[in-house]
Amino acid sequence: KFYEGVEELKNLFIEMLNAENKLIYGVASTKQLFDAIGHDFFRWWGKKLHNLKIELYDILTNESINLAADFSKTNIGEFYHYKGLPKKVGDIPADILIWDDQVAIIGLQKPVFATLIKNQAISETLRILCQQTWRSL
């Protein structure tokens, strides 16, 4: 499934609220994502994650840690966990989000877009890579 533009990306994030396993993994440049979609939407979305008790494990770029840590902890609360990539990695121009049997790959440069892949093998493989990266950070 393909999403083009800010409004469609918002719809993708709304779909994540239906995560059956109540768990989302992300590799993200939160700063670029917030700049593209807007803080107000993510404030609302974070509160929804909190109310639905959906855990978000975020692997962030160094530039995004200060923004995401405070903002997301405030809105998602105890269901938000993050670790930062080494500073030498720099910023990344795309995000990856994984939940249930789905993987969203989001291009953050204008025009913003996303591709959603629904496949158990692909989502499990990327989830394992995220978990291993998480442990190594």
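Shown above is the structure to which this text applies.
Residues numbered from 1 in each chain as written. Predicted model: local features only at pLDDT ≥ 70, side-chain atom pairs only at ≥ 80, totals over all residues. Heavy atoms only, no water.

Looking at this structure, I do not really get the overall build of the protein chain. What am I missing?
When helices and strands are counted, the protein chain shows five helices and seven strands. Its helices and strands in sequence order give the protein chain the pattern β-α-β-α-α-β-α-β-β-β-β-α, from N to C terminus. The C-alpha radius of gyration computed for the protein chain amounts to 14 Å, which stays within 12% of the reference 14 Å derived for 137 residues, consistent with globular compactness. By principal-axis analysis of the C-alpha atoms, the protein chain measures approximately 35 × 30 × 30 Å. Here the protein chain holds 137 residues, and 45% of them are scored as buried. Summarising the internal contacts of the protein chain: among those between residues at least 6 apart in sequence, 71% fall at separations of at least 24. Carbon and sulfur atoms make up 54% of the accessible area of the protein chain, which amounts to about 7100 Å² in all. In the protein chain, which carries 16 positive and 17 negative side-chain charges, the distance between the mean positions of the two groups comes to 4 Å. (Helix = DSSP H or I, 4+ residues; strand = E, 2+ residues; numbered from the N terminus. Rg over C-alpha atoms; globule rule 2.2 N^0.38 Å. Buried < 20%, exposed > 50% of the residue type's maximum accessible area, 1.4 Å probe, protein only. Contact = heavy atoms within 4.5 Å. Areas by Shrake-Rupley, 256 points an atom, 1.4 Å probe, with all protein chains shown as cover. Lys, Arg positive; Asp, Glu negative; His and termini not counted. Charge placed at Lys NZ, Arg CZ, Asp CG, Glu CD.)

Any chance you could explain the pattern of salt bridges here in plain terms?
Two side chains with opposite charge may pair up if their charged atoms get near one another. This structure, assessed with the given rule, holds four salt bridges. Between Glu15 and Lys1 there is a salt bridge, with its nearest N and O atoms 3.4 Å apart. Separated by 14 residues along the polypeptide, Glu15 in helix H1 (residues 6–16) and Lys1 in the segment before strand E1 (2–4) bring together distant segments of the chain. Lys1 gets classed as exposed once you look at its relative accessible area, which sits at 56%. For Asp40, the salt bridge goes to Arg43, with nearest N and O atoms at 2.8 Å. Of this pair, Asp40 and Arg43 both sit in helix H3 (residues 39–52), three residues apart, roughly one helical turn. Using a relative accessible area of 32% as the deciding quantity, one classes Arg43 as partly exposed. (Salt bridge = Lys/Arg side-chain N within 4 Å of Asp/Glu carboxyl O.)

Just checking my understanding: could you explain the packing of helix H2 (residues 30–37) against helix H4 (residues 62–76) for this structure?
The geometry of a pair of packed helices is captured by two quantities: the angle between their axes and the separation between those axes. Put simply, H2 and H4 touch, their axes get as near as 7 Å, and they point 65 degrees apart. If you check the angle between H2 and H4, you find them roughly perpendicular. Mapping the contact onto sequence places Thr30, Lys31 and Phe34 in H2 and Glu63, Ser64, Leu67, Ala68, Phe71 and Ser72 in H4. (Axes fitted to C-alpha atoms, helices over the stretch in contact; angles between N-to-C directions. Parallel < 35°, antiparallel > 145°, perpendicular 65-115°, else oblique.)

Limitation: the analysis is restricted to geometry and does not speak to function.
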